[in-house]
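Chains, contacts and geometry: an overview
Letter by letter, the chains look like this.
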Amino acid sequence: MLKEWIRRIAPRGAAALAFGLALAASAQAAPDLKALADKNGCFSCHGMQGKLVGPGFAEVAARYKGDSEATGKLARKIQEGGKGVWGRIPMPPHPSLKDEEARQLAAWVLEAG
Ligand code: HEC
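Conventions used here
Residues numbered from 1 in each chain as written. Predicted model: local features only at pLDDT ≥ 70, side-chain atom pairs only at ≥ 80, totals over all residues. Heavy atoms only, no water. Near = heavy atom within 4 Å. Polar contact = N/O pair within 3.5 Å; in protein donor to acceptor, adjacent residues only side chain to side chain. Helix = DSSP H or I, 4+ residues; strand = E, 2+ residues; numbered from the N terminus. Nonpolar A, V, L, I, M, F, W, Y, C, P; charged D, E, K, R; others polar. UniProt positions renumbered as here; feature names shortened; annotations may be inferred. Contact = heavy atoms within 4.5 Å. Phe/Tyr/Trp six-rings, centres within 6.5 Å; stacked < 30°, edge-to-face > 60°. Buried < 20%, exposed > 50% of the residue type's maximum accessible area, 1.4 Å probe, protein only.

The name that an unreviewed UniProt entry assigns to the chain is C-type cytochrome, with the source organism given as Cupriavidus cauae.

See below:
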């Protein structure tokens, strides 16, 4: 009786397990970028909305809306630093960020609008 029940329920259990694993994997593929930004000190100069030392991330997103090269450009700027786009205060470089992390952060900023 119990065996029969297990045989019936097992495939569903396996499906649920697979689903759970897929969810866990996709959570890993989409890391928490806000936490990454926080860890790298971005929020000491940037807010999500208004200007602090640098532009708010929503302002950045609005400025580059429709610019298909913005992700690459901004990723490089985040890594190497730069000035002159938003005012006279420069952004310092963030050399400890990996290329992939800088790209993910740039893409995330561009979605902040
Ligand atoms: C010490 C202050 C400071 C820190 C820390 C900082 N930024 Fe900036 N950021 C700035 C300033 C100032 C500008 C404007 C630079 C300019 O006018 O070209 C800027 C500009 C930007 C831009 C727009 C660049 C452009 O060319 O339009 C993005 C995107 C950005 N920052 C993302 C980040 C991210 C992500 C981090 C964290 C890894 C970060 N910033 C950390 C000060 C900072």
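Back to the write-up after that little detour.
Turning to the site of the ligand, a few remarks are in order. Around the ligand lies a shell of 26 residues, among which Cys-42, Cys-45, His-46, Lys-77 and Met-91 are the nearest. Between the ligand and Trp-86 there is a distance of 2.5 Å, counted from an oxygen atom to a backbone nitrogen or oxygen. Elements with a minimum of two residues in the shell around the ligand: helix H3 (57-63) and helix H4 (70-80). Of the residues forming the shell around the ligand, the biggest block, three residues, is contributed by H4. Partitioned by chemical class, the residues of the shell around the ligand number 16 nonpolar, eight polar and two charged.

This part covers the UniProt feature "binding site: heme c" (unreviewed entry) in the chain. If you check UniProt for "binding site: heme c" (unreviewed entry), the listed places come out as Cys-42, His-46 and Met-91 in our numbering. Taking the farthest pair of C-alpha atoms as the criterion, the annotated set spanning 50 residues converges on one region, since that pair is 10.4 Å apart. On the secondary structure map, Cys-42 appears in the loop between helix H2 (33-39) and H3. The residues contacting Cys-42, other than those within four sequence positions of it, are Ala-37 and Phe-57. Tracing the backbone through its elements, the reader meets Met-91 in the loop between H4 and helix H5 (99-110).

Inspection of every chain in the model, using the stated rule, returns three aromatic pairs. Geometrically, the ring pair formed by Phe-43 and Trp-108 is edge-to-face, given 6.3 Å between the ring centres and 80 degrees between the ring planes. Of this pair, Phe-43 sits in the loop between H2 and H3 while Trp-108 is found in helix H5, placing the two residues 65 residues apart along the sequence. Note on Phe-43: relative accessible area 23%, which makes it partly exposed.

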